[in-house]
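Spelled out, the chains give:
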Amino acid sequence: MERTEEIAVPASPLAVFEWVDDLARYPRWLDLVRRAEPEPPGPAPAGWTVELRARVGPLARSKRLRMVRTLHDVPRAVRFERVELDGRSHSSWVLDVSVGSADGGGAVVAFRLDYGGSLFEPLVDQLLRAAVDRARPKLLACVAG
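Let us look at the structure shown here. (Residues numbered from 1 in each chain as written. Predicted model: local features only at pLDDT ≥ 70, side-chain atom pairs only at ≥ 80, totals over all residues. Heavy atoms only, no water.)

1. Here we look at the overall build of the protein
Within the protein, the secondary structure is distributed over 2 helices and 7 strands. Mapped from its N terminus to its C terminus, the protein presents α and β elements in the order β-α-β-β-β-β-β-β-α. Computed over the C-alpha atoms, the radius of gyration of the protein is 15 Å, within 12% of the 15 Å expected from 2.2 N^0.38 for a compact globule of 145 residues. Oriented by its inertia axes, the alpha-carbon framework of the protein measures out at about 45 × 40 × 25 Å. Buried residues in the protein amount to 37% of all 145 residues. Within the protein, counting contacts between residues at least 6 apart in sequence, those at least 24 apart form 47% of the total. Counting every atom, the protein has about 7,800 Å² of accessible surface; 52% of that belongs to carbon and sulfur. (Helix = DSSP H or I, 4+ residues; strand = E, 2+ residues; numbered from the N terminus. Rg over C-alpha atoms; globule rule 2.2 N^0.38 Å. Buried < 20%, exposed > 50% of the residue type's maximum accessible area, 1.4 Å probe, protein only. Contact = heavy atoms within 4.5 Å. Areas by Shrake-Rupley, 256 points an atom, 1.4 Å probe, with all protein chains shown as cover.)

2. Observations concerning the pairing of strand β6 (residues 93-101)
With 5 bridges joining them, strand β5 (residues 77-82) and β6 adopt antiparallel strand pairing. Its bridge partner being in β6, F80 is matched across the sheet by L95. Here 9 bridges tie β6 to strand β7 (residues 107-115), and the two strands are oriented antiparallel to one another. Of the residues in β7, the one forming a bridge with G100 is V108. Taken together, β6 and the strand that follows it, β7, pair antiparallel across an intervening segment of 5 residues, in which G105 is found at a positive phi of about 105 degrees. (Pairing = 2+ DSSP bridges.)

3. A look at the side chain of R82
Residue position: R82 is located in strand β5. Within the local environment of R82, its side chain forms a polar contact with the side chain of E84, the two groups lying 2.9 Å apart. (Polar contact = N/O pair within 3.5 Å; in protein donor to acceptor, adjacent residues only side chain to side chain.)

4. Observations regarding the nonpolar core
With 39 residues, the main nonpolar core has V20, Y26 and W29 as its most contacted residues. Excluding anything up to four places from it in sequence, W29 contacts W19, V20, F111, A135, K138, L139 and C142. (Core = buried A, V, L, I, M, F, W, Y, C linked by side-chain atoms within 4.5 Å.)

5. Let's talk about the environment of A144
Along the chain, A144 falls in helix α2 (residues 121-144). C-alpha of A144 to C-alpha of V16: the two residues are 128 residues apart in sequence and 9.4 Å apart in space.

6. Description of the environment of V108
Assignment of secondary structure puts V108 in strand β7. With a relative accessible area of 26%, V108 lands in the partly exposed category. For the pair formed by V108 and A8, sequence separation is 100 residues and the distance between their alpha carbons is 4.5 Å. Ignoring anything within four residues of it in the chain, the contact list for V108 reads E6, I7, A8, S98, V99, G100 and A102.

This is how it looks when you write it as structure tokens:
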């Protein structure tokens, strides 16, 4: 299941990119990411332990996963993918974020969430849209702050 949402931000693409290239900053503006803690250095590619939390009506679901940055094209694009180290098979989670220049100035941020499982599939579209709607003012405040 794949879903894309956009946010227009009245700031330079580089200023915006600083807020989207590090998952540890996401909990400050994207409430779908409840926690994102950088892992200590080790033999595996550096990543983040991430807790995703979504609420639909009275139901709340949490998912803990390990994400790594697999693309880092400053200031245009970043990709985070689920890469677990436990040797088991897991549903894919991919978050692509691109930052471009807006026609009238500022930046446009596009979020594409690709989820390869079936547990959350019917809700991914709705959850991402709602989370990005709530994130707009928070991301604007972070970039401006």
